[in-house]
Amino acid sequence: MKTNAFRVYKHGGPAVLKWETVDVPAPGKGEALIKHTAVGLNLADTYRRTGLYPIKLPSGIGNEAVGVVEAVGPGTRGVKVGDRVGYIGGMALDGYSQRRVAPVGSLIPIPDYINDRTAAAALLKGITAQYLLRDSYRVKKGDTIVVHAAAGGVGLIMCQWANAIGATVIGIVSSEEKAKIAKKNGCHHPIVVKRSKPKFAKKVRELTNGEGAHCIYDSVGRDTWEESLASVRLRGSVISFGSASGKPPKTDIADTGGLGSPYIARCALVNYTTSRSETMARARDLFKAIKTGAVKISVNQRYKLKDAAQAHKDIEARKTTGSTVLLP
Ligand SMILES: NC(=O)c1ccc[n+]([C@@H]2O[C@H](COP(=O)([O-])OP(=O)(O)OC[C@H]3O[C@@H](n4cnc5c(N)ncnc54)[C@H](OP(=O)(O)O)[C@@H]3O)[C@@H](O)[C@H]2O)c1
């Protein structure tokens, strides 16, 4: 069978994304053929495209999509034809495609009350928000946290969820319009910063009676890391989980005593979804948050899948808010 899919042969700008007709093999044992209905766009797709996150080339691209099972391999259990499923990795990067073969063990069944576009907008970003808020640092009622890129895909989910837990949320954003969106989504105190030299530590101290926040969730990296370290309270946590502006600078562990001995970690989804049971437990927690209304998923941009290069340009230019889906 043939399908259309993106291939990447060299790292570079959005133009290196090549829309091609490729062969899809028949599913083998333990595999299913999935017809995608919605593909999730993630900033990390751009990191892989540019080589900031190295991948072996040539490659497909995209590790989040939702679709329907069209066939299963011989002797395969766990899913059947017609099931609605999604995934957030655990297989080759072929998410930007119309059809693909996927290992059944990495497929997440989508509940009836979540439509395909919402699921593709929610799975990877929502499971990331889940592990960040529940595990990397366990947010409690009464805590104050700082969320970077608060009006973005992961950001809007984190603001709502942390608010529902009972935390005070300070959000860092780069425009007044984004501040309004973050505020509508549970962020108590949006701070608008300059794109070139973001400054927010002083304001975080003001908002926390000089103490600093319990946890800083930094997905921006190079441009914000030092300010994030300056925003944390005594023995608080500083979590790096993205590099939107480039890798964070190196931190000398010997210097962190003078910063109040914060706990510092670089968190990656792959280290918090280490088994099917762990991934499914996080997915169930996310689905419950959506069902109860604690978290509402904002699908603010939709593109045809074949226009993925434009979607990459827009997310890199900070033009998007909330989640973005690509439609095959
Ligand atoms: N470690 C993990 O497990 C994990 C998993 C998923 C996502 N992530 C990370 O979480 C972050 C959010 O991902 P997302 O897909 O939801 O993207 P997103 O937040 O929707 O988009 C990225 C946002 O980052 C901000 N930003 C700051 N500096 C930027 C720069 N130089 N270039 C581009 N954007 C910049 C922009 O918001 P402002 O204009 O308001 O600054 C932009 O809208 C990313 O850093 C991603 O890598 C990490």
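The rules behind the values
Residues numbered from 1 in each chain as written. Predicted model: local features only at pLDDT ≥ 70, side-chain atom pairs only at ≥ 80, totals over all residues. Axes fitted to C-alpha atoms, helices over the stretch in contact; angles between N-to-C directions. Helix = DSSP H or I, 4+ residues; strand = E, 2+ residues; numbered from the N terminus. Parallel < 35°, antiparallel > 145°, perpendicular 65-115°, else oblique. Left-handed = near helix turned anticlockwise from the far one by under 90°. Contact = placed C-beta atoms within 7 Å. Nonpolar A, V, L, I, M, F, W, Y, C, P; charged D, E, K, R; others polar. Pairing = 2+ DSSP bridges. Near = placed C-beta within 6 Å. Domains from an automatic or database assignment. Core = buried A, V, L, I, M, F, W, Y, C linked by C-beta atoms within 7 Å. Buried ≥ 20, exposed ≤ 12 C-beta atoms within 10 Å, placed from the backbone.

One way to put it is that helix H2 (residues 116-136) packs onto helix H3 (residues 153-165) with a least axis distance of 9 Å and a crossing angle of 45°. Classified by the angle their axes make, H2 and H3 are oblique. In this structure, H2 meets H3 at a crossing whose hand is right-handed. Here H2 contributes Lys-125, Gly-126, Thr-128, Ala-129, Leu-132 and Leu-133 to the contact with H3, which in turn contributes Gly-153, Val-154, Ile-157, Met-158, Trp-161, Ala-162 and Ile-165. Looking at side-chain class alone, the contact of H2 with H3 contains nine nonpolar, three polar and one charged residues.

Quick look at the sheet that holds strand S9 (residues 168-173) now. Here we have six strands laid out as an open sheet, ordered S10-S9-S8-S11-S12-S13, and parallel in their pairing. Unpaired on one side and paired on the other, strand S10 (189-192) and strand S13 (263-266) mark the two borders of the sheet. Taken over all neighbouring pairs, the strand axes of this sheet differ in orientation by 15° on average, direction set aside. Sheet analysis places strand S8 (residues 144-147) next to S9, joined by four bridges and oriented parallel. The residue of S9 that forms the bridge with Val-146 is Ile-170. Helix-sheet contacts for helix H4 (residues 176-184) involve S9 and S10, and the interaxial angle to S10 is about 165°.

Near the ligand lie 28 residues; those nearest to it are Gly-152, Gly-153, Ser-174, Gly-242 and Leu-269. Mapped by element, the contributors of at least two residues to the shell around the ligand are helix H1 (43-50), H2, H3 and helix H8 (308-316). Class assignment of the residues belonging to the shell around the ligand gives a composition of 14 nonpolar, 10 polar and four charged. When residues are assigned to domains, the shell around the ligand turns out to be shared by domain 1 (2-110 + 298-327) and domain 2 (125-270), each giving three or more.

Let us look at the domain arrangement of the protein chain. According to the domain assignment, the protein chain contains domain 1 (2-110 + 298-327) and domain 2 (125-270). One C-alpha centre belongs to domain 1, the other to domain 2; they are set 29 Å apart. Contact with domain 1, which involves 11 residues of that partner, is made by 13 residues of domain 2. Of all elements in the fold, only H1 and strand S15 (323-327) reach the threshold of two or more residues within the side of domain 1 that touches domain 2.

Within the largest apolar cluster, 92 residues are counted, with the highest numbers of intra-cluster contacts made by Ile-145, Met-158 and Tyr-217. Sorting elements by how many residues they give to this core places H2 first, with 10 residues. No fewer than three residues from each of domain 1 (2-110 + 298-327) and domain 2 (125-270) sit in this core. When near neighbours in sequence (up to four residues on either side) are disregarded, Ile-145 contacts Val-139, Ala-162, Ala-167, Val-169, Ala-213, His-214, Cys-215 and Tyr-217.

Residue Pro-58 follows Leu-57 across a cis peptide bond; omega there is -5°. Relative to the helices and strands, Pro-58 resides in the loop between H1 and strand S4 (65-72). Positive phi, normally seen in glycine, also occurs at Asn-209, with a value near 50°. Locating Asn-209 in the fold gives a position in the loop between helix H5 (201-207) and strand S11 (213-218). Overall, the presence of 8 C-beta atoms within 10 Å leaves Asn-209 in the exposed class. With a phi close to 50°, Ser-261 is a non-glycine residue in the positive phi region. Among the secondary structure elements, Ser-261 is positioned in the loop between strand S12 (232-240) and S13. C-beta crowding within 10 Å serves as the criterion here: with 12 such atoms nearby, Ser-261 is assigned to the exposed category.

What follows covers the packing of H2 against helix H7 (residues 276-292). In contact at an axis separation of 9 Å, H2 and H7 are set at 100° when each is read in the N-to-C sense. As judged from the angle between their axes, H2 and H7 are roughly perpendicular. Contacts between H2 and H7 involve Ala-122, Gly-126, Ile-127, Gln-130 and Tyr-131 on the former and, on the latter, Arg-282, Ala-283, Asp-285, Leu-286 and Ile-290. The class makeup of the residues in the contact of H2 with H7 is six nonpolar, two polar and two charged.

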